[in-house]
Amino acid sequence: MSRSSLRSRLRWLILGVIALVLLPLGVYSFRRTINEVNELSDGRLAQSARTLQTLINNIGLPALQRHTAEAGVVVPIAAKSSQELLLHGHTYESEVGFQVFDREGRPLLVTGNLTAMSPPDPTHAGFKNLYFGKYRWRFFTLPPTADGVVVRAAERYDSRRDISTALWIEHGLPPLIALPVLALLLGWAVRRGLRPLEALAEKLATREPGSRDTLDVAAAPHELAPVLDALNSQFTLLEEALERERRFSADVAHELRTPLASTMINLENAQASRDTREADVALSGARESLASLARRVEQLLSLARLEASSRSDKHADIDLLAVARGVIEELSPLIGDSDVELEVTLADGTLMVHGHEAALAALLRNLLENALRHVPDGGHVRLLIQRESNRAAIEVIDDGEGIPPERRAAVFTRFHRETGSRGEGYGLGLSIVQRAAQLHDASIELLDSPYGRGLRVLVRMPLSDGHA
C-alpha cells in the first residue's frame, strides 16, 4: 500500500481547512445578500405603489376618470431597441408594472404587460406572489383609498433571479478559480517549507557510520531544533554504547585468552606425559583453569544482564533483606569451604527498595565474594544491612589486604586487579557492583576497615516511596 507524502498531506489539509472556513462563510454571505436584495426590492415595490397612490390622490378620482375611457389608460411598454440590446442585453420595463382600479374594479391605469391581469381582492393588501403568463410575479397591493381606488405594483422575479445568478457567480466563481491556483501555490510553499527536512534526510543518508560529527542543518527552523538535538544526543549515546561494546569485546578476548591457553597447555601436557602423577598434576591445572574461565564467563554474563536491566523499565518494590538471605544461601558452599568467619547483621522487618532483583543480588553477591576471596585464612567478613532514615545502608567489612586510598577509584574499572591481590578475581566484581548501584541511584564508598586493616564498602540506596 502506497504511503502519502507529508507534503501532499499538508497541502490537502490546508486546502481542506480553507474550504471548510470559506465555504460556510460564502454561503452565509450569499444568503444574507439575497435577503437584503429581496428586502430592498420589496421596499422599492411598496414605495412605487405609494408614490402612484399619492399622485392619484392629488389629481383626484373625478379628474382621473374624466381622462380615462371605460377601458382605462394603458401605459405602453417600450420595445427593445437594438441599442438597448447591445448595451444591456435586455430592457427591464417588461419586468415591472402597476395597476389602478376604481371601486367597481374597473382599470383606471395599467401597464401594457398587466392588462390581462384580473383586479385584486381589496380586502387582501400587502405582498403576494402570483403566476401570470409564463412568469412568477411579486405584487404589492395597497388598501383602498377613501374613493375606493386600489393601487397594485408588480415586479417579475426575473430581475431578482438575475441578481441571484450574479451573486452566485460572484461568490462561487472566484473560489473555483482560486482553489486550484491556491493548491499549486500551497504545494510550492509546503515544498519550500519542508526543505530543511529534505536536507536532514540527505545528511542522515550520507552520514558515515561511527561519525562523531554533530548533525547540523543550515538555517534550520526552530521546530526542527529539538529533533536535531535529540538525534545528536542519540548519536552520542549510540557511539558511546558501540565504543563500550568494542572495548568490552576486546577486553573479553584478551582476558579469556590466558585461561584458555593455560587449559590447552595443561591438557597437552597430560596427553603427552607418560607419568601418571605428572598427568594428574596437568589435569588438575586444566581443571583450575576451566574453573577460572567459568567464573570469568559468569561475571561477564552478570555484566551483560545488568546492561540489559538498564534498558528495561521492569522496576518493582523488592525486599532487600530477602535478597540478601537468598545470596547468603547461594554462597553457603563457598563460605563453608573457606576458612573465613562471616558475620551477618540484618535489620528487623523489611527494607523495600524500588529496582531490579537480579541487579541487587549481583551487587550483594560480588561484594561478599570479593571480601571472602581477598582475606587470608582465619580472617573476618561482616555483612551489615540496616535502615538510615529514608535509605538502606549495606556494609561489607573485611580484614584482608585492603586497597590504598589513592588507588580505590581505579578498582571500579573493568578487568582491573590490584597488584599482589589474593583470590581468583579478574577485576569485574566491583564493576558489577558499581553498575548495579547506578541502576538504583545508590552511592558507593570504599573506606578504611574498623579492623585496622582491610576494606569497608558502604552502599546507600533510597527506599521505595511507601517505605521511606
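These numbers were taken from a predicted model, which means no experiment stands behind them.

*Asks:* What am I meant to see in the overall build of the protein chain here?
*Replies:* Scanning the protein chain from terminus to terminus reveals 11 helices and 13 strands. Every one of the 468 residues in the protein chain was classed for burial, and the buried ones make up 38%. In the protein chain, once contacts between residues fewer than 6 apart in sequence are set aside, the share between residues at least 24 apart is 65%.

*Asks:* Which parts of the structure should I look at to understand the pattern of salt bridges?
*Replies:* Proximity of charged atoms lets side chains of opposite charge pair with each other. What the rule picks out here adds up to seven salt bridges. For R138, the salt bridge goes to D42, with nearest N and O atoms at 3.0 Å. Here the residue R138 occupies a position in strand 5 (residues 135-141), and D42 occupies one in helix 1 (residues 6-59), the gap between them amounting to 96 residues. Since its relative accessible area comes to 13%, D42 is described here as buried. In this structure, the salt-bridge partner of E445 is R460, at a minimum N-O distance of 3.1 Å.

*Asks:* Just to check I follow, could you spell out a nonpolar patch on the surface for this structure?
*Replies:* Residues I169, L173, L176, I177, V181 and L185 make up a contiguous nonpolar surface patch of about 580 Å² in total accessible area. Among the secondary structure elements, L173 is positioned in helix 4 (residues 157-193).

*Asks:* What's the story with the nonpolar core in this structure? I'm lost.
*Replies:* Nonpolar side chains in soluble globular proteins generally cluster together in the buried interior. In terms of nonpolar packing, the biggest core is built from 43 residues, with L363, L364, L367, I385 and I394 touching the most fellow members. For this core, the element with the most residues is helix 10 (residues 357-373), which contributes nine residues. When near neighbours in sequence (up to four residues on either side) are disregarded, L363 contacts I394, V433, A436, A437 and V459. Residues A46, V100, F140 and L142 belong to the second largest nonpolar core, which totals 15 residues.

About the criteria used
- Residues numbered from 1 in each chain as written.
- Predicted model: local features only at pLDDT ≥ 70, side-chain atom pairs only at ≥ 80, totals over all residues.
- Heavy atoms only, no water.
- Helix = DSSP H or I, 4+ residues; strand = E, 2+ residues; numbered from the N terminus.
- Buried < 20%, exposed > 50% of the residue type's maximum accessible area, 1.4 Å probe, protein only.
- Contact = heavy atoms within 4.5 Å.
- Salt bridge = Lys/Arg side-chain N within 4 Å of Asp/Glu carboxyl O.
- Patch = residues over 30% accessible without salt bridge, like charges linked within 9 Å, V, L, I, M, F, W, Y side chains within 5 Å.
- Areas by Shrake-Rupley, 256 points an atom, 1.4 Å probe, with all protein chains shown as cover.
- Core = buried A, V, L, I, M, F, W, Y, C linked by side-chain atoms within 4.5 Å.

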